[in-house]
Amino acid sequence: VQLVESGGGLVQPGGSLRLSCAASGFTFSNYAMSWHRQAPGKERELVARIAVAGGSTYYADSAKGRFTISRDNAINTVSLQMNSLKPEDTAVYYCYVVILARRYWGQGTQVTVSS
């Protein structure tokens, strides 16, 4: 199983970023996927989750109305569109999947929101 995130970077408050996670090594379309983040000195937290077929999504309160999670099962990719970014969104963002009770994380991508 391999999860490779991309798309992080430095953005000003109010800006947007789109994160992508390329998955391989498992049948992507069979598993729910999620994005988590970890800010310095804080615990890792769930940001958004998307069901197998993409019809059901969940967002943390901090992400509602600003972030959109989506997936493309044809290319084994899950994305996170982040709009209206705030300094408190600064964190390392991780792609995550659970397969047969085993947890897999990507290496993470840094998102920094600062003027």
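Remember, predicted model here, so these are calculated numbers, not experimental data.

Colleague: How should the packing of aromatic side chains be read in this particular structure?
Modeller: The way to describe two aromatic rings as a pair is by their centre distance and the angle between their planes. The tally for this structure, following the rule as stated, stands at four aromatic pairs. Ring geometry for Phe-26 versus Phe-28: centroids 6.3 Å apart, planes at 50 degrees, classification tilted. Judged on exposure class, the residue Phe-26 and its partner Phe-28 are both buried. Here Phe-26 and Tyr-31 contribute two aromatic rings whose centre-to-centre distance is 5.9 Å and whose plane-to-plane angle is 70 degrees, an arrangement assigned as edge-to-face. Relative accessible area serves as the criterion here: at 22%, Tyr-31 is assigned to the partly exposed category. Through a chain of ring-to-ring contacts, three or more aromatic side chains come together here, namely Phe-26, Phe-28 and Tyr-31. Directly above the aromatic system of Trp-105 lies the positively charged group of Arg-44, at a separation of 4.4 Å from the ring centroid. Lying over the aromatic face of Phe-28, Arg-71 brings its terminal NZ or CZ to 4.4 Å of the ring centre.

Colleague: Just checking my understanding: could you explain the pattern of salt bridges for this structure?
Modeller: Charged atoms that come close allow side chains of opposite charge to pair. Per the stated rule, a full pass over the model turns up four salt bridges. Residue Asp-89 pairs with Arg-37 through a salt bridge whose shortest N-O separation is 2.9 Å. One end of the pair, Asp-89, is in the loop between strand S8 (77–82) and strand S9 (91–99); the other, Arg-37, is in strand S4 (residues 33–38), with 52 residues separating them in the sequence. No difference in accessibility class separates Asp-89 from Arg-37, as the two residues are buried. Salt-bridge contacts for Lys-64 lead to Asp-61; the nearest nitrogen and oxygen are separated by 3.1 Å. One salt-bridge network, in which partners are shared between bridges, spans Arg-37, Glu-45, Arg-66 and Asp-89.

Colleague: Which parts of the structure should I look at to understand the state of the cysteines?
Modeller: By definition, a disulfide links the sulfur atoms of two cysteine residues through a covalent bond. If you walk through the whole model with that rule in mind, you get one disulfide. Linked covalently through their sulfurs, Cys-21 and Cys-95 form a disulfide whose S-S length is 2.2 Å. Across the S-S bond linking Cys-21 and Cys-95, the dihedral sits near -85 degrees, which makes this disulfide left-handed. Residue Cys-21 is located in strand S3 (residues 17–24), and its partner Cys-95 is located in strand S9; the two are separated by 74 residues in the primary sequence. Classification of Cys-21 by relative accessible area gives buried; the value is 0%.

Conventions adopted
Residues numbered from 1 in each chain as written. Predicted model: local features only at pLDDT ≥ 70, side-chain atom pairs only at ≥ 80, totals over all residues. Heavy atoms only, no water. Phe/Tyr/Trp six-rings, centres within 6.5 Å; stacked < 30°, edge-to-face > 60°. Buried < 20%, exposed > 50% of the residue type's maximum accessible area, 1.4 Å probe, protein only. Lys NZ or Arg CZ within 6 Å of the ring centre and 35° of its normal. Salt bridge = Lys/Arg side-chain N within 4 Å of Asp/Glu carboxyl O. Helix = DSSP H or I, 4+ residues; strand = E, 2+ residues; numbered from the N terminus. Disulfide = S-S within 2.5 Å.

The quantities given are spatial measurements derived from coordinates; they are silent on function.
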